[in-house]
Amino acid sequence: MRVSLLGTVMACILGFSTISGAALIDRGGGLIYETDLDITWLQDANYAYTSGYDDDGRMTWFDALAWADQLVYGGYDNWRLPTSGIEDYSRPDPDWDITDSEIGYLYYVELGNEFGISGFTNTGPFINFQQEAYWWADTQYSYYQAWFFRFGGLGVNSVTHRYFAMAVLDGDVAAIPIPSSALLLGSGFLALIGFGWRRFKKA
């Protein structure tokens, strides 16, 4: 009796763990948590435009940095641009399919897109993705240039060029809420355990 009950409880716990182990979790309210890198993305990939901050969402590198730094969304004010993961900034052309970057990891690993602009076929839970370049927040390539990521590749351009920007913050924004059905099921299991324990004590 106790063995089968324990097995049932463990199976349910493992089932819930598998569900909560998804790499991208929609936290609601326009926030997407990425478990692998422990960061939270703004779901709207062109929020600078959607919010009315910019006419089309394209900004210079410095404007994009300022936009992310001043952004307050979902009660959070520690937004930033994604990092590139590039260690050698002196190289003009590091690996084009780099996945060490936050945005590259999202594009290639999480969303499963392929190298090349034509490979941008999956946007997952995100909205308003532009098949154009997005700025990175890292150290400038030079005084006049900064890194950008074009879906399917990366490069360097003048900091005065106008590209899009995505916002991200470190960590998770909220604990995973337990659905009411899961609470009901959990209550049933607790009651079953209590019933089994009472019968065991009487025996």
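Cut-offs and rules
- Every chain is numbered on its own, with residues counted from 1 as its sequence reads.
- At least 70 in pLDDT is required for a residue's local features to be given in this predicted model, at least 80 for side-chain atom pairs to be given and counted, and no such filter applies to totals for whole chains, interfaces and linings, which use all residues.
- Excluding hydrogens and water, the side-chain values take into account all heavy atoms of the structure.
- Between the rings of Phe, Tyr and Trp (Trp by its six-membered ring), a pair exists once the centres lie within 6.5 Å; its type follows the angle of the planes, with under 30 degrees stacked, over 60 edge-to-face, and the other angles tilted.
- Three labels apply to residues, based on accessible area from a 1.4 Å probe with only protein chains included: buried if under 20% of the type maximum, exposed if over 50%, partly exposed otherwise in between.
- Pairs of strands are assigned from DSSP output, requiring at least two bridges between the strands.
- Note on conventions: DSSP H or I runs of at least 4 residues are helices, E runs of at least 2 residues are strands, and numbering of each starts at the N terminus.
- The angle between two axes is taken between their N-to-C directions and runs from 0 to 180 degrees, where each axis is a line fitted to C-alpha atoms and a helix contributes only its stretch in contact.
- Contacts: residue pairs with any heavy atoms within 4.5 Å of one another.
- Along the arc lie the directions from the helix axis toward the C-beta atoms.
- Across the chain, each position has a pLDDT score giving the predictor's confidence in that residue, from 0 to 100.

A. Region of the structure containing the packing of aromatic side chains. All told, the structure shown has 14 aromatic pairs when counted by the stated rule. Arranged with centres 6.4 Å apart and planes meeting at 80°, the rings of Y73 and W79 form a pair that is edge-to-face. Judged by its relative accessible area of 18%, Y73 is buried. With 6.4 Å between their ring centres and 75° between their planes, F129 and Y134 make a pair best called edge-to-face. Neither F129 nor Y134 differs from the other in exposure class; each is buried.

B. Main features of the sheet that holds strand β7 (residues 168-170). In space, the 4 strands of this open sheet follow the order β1-β2-β3-β7, with antiparallel pairing throughout. In this open sheet, the two strands that pair with only one neighbour each are β1 (24-28) and β7. Going across the sheet, the axis of each strand differs from the next one's by a mean of 25°, ignoring polarity. Pairing of strand β3 (residues 39-42) with β7, which is carried by 3 bridges, proceeds in the antiparallel orientation. Paired with T40 across the strands is L169, a residue of β7. Helix α4 (residues 102-110) rests against β1, β2 (31-34), β3 and β7 of the sheet, and its axis sits at about 85° to β3.

C. How the structure looks around helix α3 (residues 61-70). Where α3 is concerned, the buried positions are W61, A64, W67 and A68. Down the axis of α3, the smallest arc covering the buried residues is 120°, so these residues share one side. Along α3, the residues that are exposed and aim more than 90 degrees away from the buried face are D69 and Q70. Buried-residue contacts for α3 involve α2 (47-50), β4 (133-135) and β5 (145-150).

D. Expanded view of the confidence of the model for the chain. Taken over all residues, the pLDDT of the chain has a mean of 77, while the share at 70 or more is 65%. Contacts of residues 176-185 to residues separated by more than four positions or lying in other chains number 7 contacts, the stretch itself having pLDDT below 50.

E. Structural context of unusual backbone geometry. Backbone geometry at D38 places phi at a positive 55°, although glycine is not the residue there. Positionally, D38 belongs in the loop between β2 and β3. One non-glycine residue, N128, lies in the positive phi region at around 60°. Along the chain, N128 turns up in the loop between α4 and β4. With a relative accessible area of 37%, N128 lands in the partly exposed category.

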